Amino acid sequence: MMAGPVNERSFIPVGIAVLTVSDTRTLADDKSGDTLVARIAEAGHRLAARAIVHDDKERIRAQVEAWTKDDAVDVVITTGGTGFTGRDVTPEALEPLFEKRMDGFSEVFHRISYDKIGTATIQSRATGGVANATFIFVLPGSPGACKDAWDGILKAQLDYRHMPCNFVEIMPRLDEHLKRGAGSR
């Protein structure tokens, strides 16, 4: 069976929040955030929220954690802060929130990126996971990296029609371990 859209299913839009992590960018010059916002709209999803925060672990974590508790947000995508410099702290800020880490996201992202930028892909610590029944994807700060992640992974996985499986169909079950635990007490 080939992976791809199945037209018998109806599209289900999800709420996506975009966080740009930068000490210098503003909404007026945030090309990476703009790239994601445009692709989210083009795919038919809802932009649930958008913000820019400085490269500060506590601020990054607080913003993303707040979004994971917001029923309007199903997915958080961050851009920026995944490199190796002293100010690059987005993975350190967000990985402690992950209840489940998504190693495959990083692996596939690097495979796609390698085809475009070669070994320079190793300078990114892109990652993904789930917290509070919300998918979180941590992307590098370049528009090209945002395009690669969206076009090569997220567009399909956030489309309920994509087969053989996708993130949307499992969203209702992301917190079943919490429900099961609460009912057994």
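Criteria and cut-off values
Residues numbered from 1 in each chain as written. Predicted model: local features only at pLDDT ≥ 70, side-chain atom pairs only at ≥ 80, totals over all residues. Heavy atoms only, no water. UniProt positions renumbered as here; feature names shortened; annotations may be inferred. Pairing = 2+ DSSP bridges. Helix = DSSP H or I, 4+ residues; strand = E, 2+ residues; numbered from the N terminus. Salt bridge = Lys/Arg side-chain N within 4 Å of Asp/Glu carboxyl O. Buried < 20%, exposed > 50% of the residue type's maximum accessible area, 1.4 Å probe, protein only. Axes fitted to C-alpha atoms, helices over the stretch in contact; angles between N-to-C directions. Parallel < 35°, antiparallel > 145°, perpendicular 65-115°, else oblique. Left-handed = near helix turned anticlockwise from the far one by under 90°. Contact = heavy atoms within 4.5 Å. Nonpolar A, V, L, I, M, F, W, Y, C, P; charged D, E, K, R; others polar. Expected span 1.5 Å × (residues − 1).

Named according to an unreviewed UniProt entry, the protein is Molybdenum cofactor biosynthesis protein B originating from Rhizobium miluonense. As stated in UniProt under Sequence similarities (unreviewed entry), the record for the protein gives "Belongs to the MoaB/Mog family."

### So, the sheet that holds strand E6 (residues 127–131)
An order of E3-E2-E4-E7-E6-E5 is seen for the six strands of this open sheet, with the pairing classed as mixed. If you trace the sheet from one side to the other, it starts and ends with strand E3 (46–53) and strand E5 (100–101), each paired once. Of the pairings in the sheet, the one linking E5 to E6 comprises two bridges and is antiparallel in character. Bridge pairing in E6 places Arg101 opposite Gly129.

### Describing the pattern of salt bridges
If you walk through the whole model with that rule in mind, you get 13 salt bridges. Across the pair Asp103 and Arg101 runs a salt bridge whose closest N-O atoms are separated by 2.7 Å. In this structure, Lys116 engages Asp148 in a salt bridge whose closest nitrogen and oxygen atoms are separated by 2.9 Å. Here Lys116 is found in helix H4 (residues 103–117), whereas its partner Asp148 is found in helix H5 (residues 143–157), with 32 residues between them in sequence. Judged by relative accessible area, Lys116 falls into the exposed class, the value being 58%. Several salt bridges converge on common partners, so that one network encompasses Arg25, Asp30, Asp34 and Arg50.

### Section: unusual backbone geometry
The amide bond that connects Met163 to the next residue, Pro164, takes the cis arrangement and shows omega of 20 degrees. Position of Pro164 among the secondary structure elements: in the loop between strand E8 (162–163) and helix H6 (167–170). Although it is not a glycine, Ala133 sits at a positive phi angle of roughly 60 degrees. On the secondary structure map, Ala133 appears in the loop between E6 and strand E7 (134–139). A relative accessible area of 24% places Ala133 in the partly exposed class.

### Quick notes on the packing of helix H1 (residues 31–43) against H5
The axes of two packed helices give the description: the angle between them and the distance between them. Running from N to C, H1 and H5 cross one another at 25 degrees; their axes reach a closest spacing of 8 Å. In terms of their interaxial angle, H1 and H5 are classed as roughly parallel. Helix-helix and strand crossings are classified by hand; for H1 and H5 the assignment is right-handed. Where H1 approaches H5, its residues Lys31, Ser32, Thr35, Leu36, Arg39, Ile40 and Ala43 are matched on the opposing element by Pro143, Cys146, Lys147, Trp150 and Asp151. Class assignment for the residues of the contact of H1 with H5 results in six nonpolar, two polar and four charged.

### Side note on the UniProt feature "domain: MoaB/Mog" (unreviewed entry) in the protein
Annotation from UniProt places "domain: MoaB/Mog" (unreviewed entry) at residues 17–161. Between the first and last C-alpha atoms of residues 17–161 the distance is 21 Å; the span itself is 41% helix and 21% strand.

### A few points about H1
Two residues of an α-helix separated by three or four positions point the same way, owing to the 3.6 residues in each turn. Between its first and last C-alpha atoms H1 spans 18 Å; for 13 residues at 1.5 Å apiece the expected length is 18 Å, and the two agree. Where H1 is buried, its residues contact strand E2 (15–21), E3, strand E4 (75–79), E7 and H5. Of the residues trailing H1, Gly44 is marked for its positive phi of about 100 degrees.

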